[in-house]
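Observations on the three-dimensional arrangement
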Amino acid sequence: MIAPPDRTPLPREFFDRPVLDVAPDLLGRILVRTTPDGPIAVRLTEVEAYDGPNDPGSHAYRGRTARNEVMFGPPGHVYVYFTYGMWHCMNLVCGPEGRASAVLLRAGEVVEGAEPARKRRLSARNDKELAKGPARLATALGVDRALSGTDACASGETPLRMLTGNPVAPDQVRSGPRTGVAGEGGNGGAHPWRFWVANDPTVSPYRAHAPRRRSS
């Protein structure tokens, strides 16, 4: 018998750890988005770690900017960025304040509030696709840059909150290269910093980095 998910909010101490400890431990946790149409809850099934100054794939690799300011802490806050001129992606900041690291939320299973999620994700062929990919997850939850900086550990009314859920057993966690990250070895492309739940149908397909071709 599967135990019901623990609805206790995750404490800030959970996020105040090295990013490679936090990332796999987020699998099975519950992210709740409060909306005017009611709450939408997602069980996280796929994430990627980005280790700031040690990681060329990180937005914070070259230091603090107006765009990545939230990544420098405090831990437990939401970092949202806009990409390809059309999509938002959501991260959770972790590690000690002042040292930028974050976990990209790549995919999850909508376990509550499927109807409002479906209204935002009209192209999804079934509920397993509602949050299957980082842009799809953010779209299903109605997350955009206005929510960047939200404290996901705050008490009381908050638009985004992380709950304890049901942590995934270590033997069910898989890891591999991050999706779309360039480079080999020390450049970050080969780092096995993508973590996912084994055999879960909501996990997004892996895609290696493909260099953009310049128009002639």
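Use the structure listed above.
Let us look at the structure shown here. Owing to the predicted nature of the structure, the values given are computational and were not obtained by experimental measurement. (Residues numbered from 1 in each chain as written. Predicted model: local features only at pLDDT ≥ 70, side-chain atom pairs only at ≥ 80, totals over all residues. Heavy atoms only, no water.)

1. Topic: the pairing of strand 5 (residues 87-93)
Most of strand 5 sits out of view: six of its seven residues are buried. Bridging between strand 4 (residues 78-83) and strand 5 involves six bridges; their strand directions are antiparallel. If you follow Val78 over to strand 5, its bridge partner there is Leu92. Between strand 4 and strand 5, which pair antiparallel one after the other, the connecting turn spans three residues, and Tyr84 there sits at a positive phi close to 55 degrees. (Buried < 20%, exposed > 50% of the residue type's maximum accessible area, 1.4 Å probe, protein only. Helix = DSSP H or I, 4+ residues; strand = E, 2+ residues; numbered from the N terminus. Pairing = 2+ DSSP bridges.)

2. Let's talk about the pattern of salt bridges
Scanning the model with the defined rule gives 15 salt bridges in all. For Arg99, the salt bridge is made with Asp51, and the minimal N-O distance between the two is 3.0 Å. With Arg99 in the loop between strand 5 and strand 6 (102-112) and Asp51 in the loop between strand 3 (40-50) and strand 4, the pair connects residues that are 48 residues apart, well separated along the chain. Arg99 gets classed as partly exposed once you look at its relative accessible area, which sits at 28%. Of the charged contacts, one joins Glu129 and Arg125 as a salt bridge, the two residues approaching to 2.5 Å between their closest N and O atoms. A residue is classified by how much of its surface remains accessible, and Glu129, at 9% relative accessible area, is buried. The network of salt bridges with shared partners includes Glu46, Glu48, Arg106 and Arg194. (Salt bridge = Lys/Arg side-chain N within 4 Å of Asp/Glu carboxyl O.)

3. Concerning the environment of Gly85
As for its position among the elements, Gly85 is in the loop between strand 4 and strand 5. On the basis of relative accessibility, which here comes to 62%, the residue Gly85 falls in the exposed class. Remark: the alpha-carbon pair of Gly85 and Glu13, spanning 72 residues in sequence, is separated by 34 Å.

Treat this as a map of the structure, not an account of what it does.
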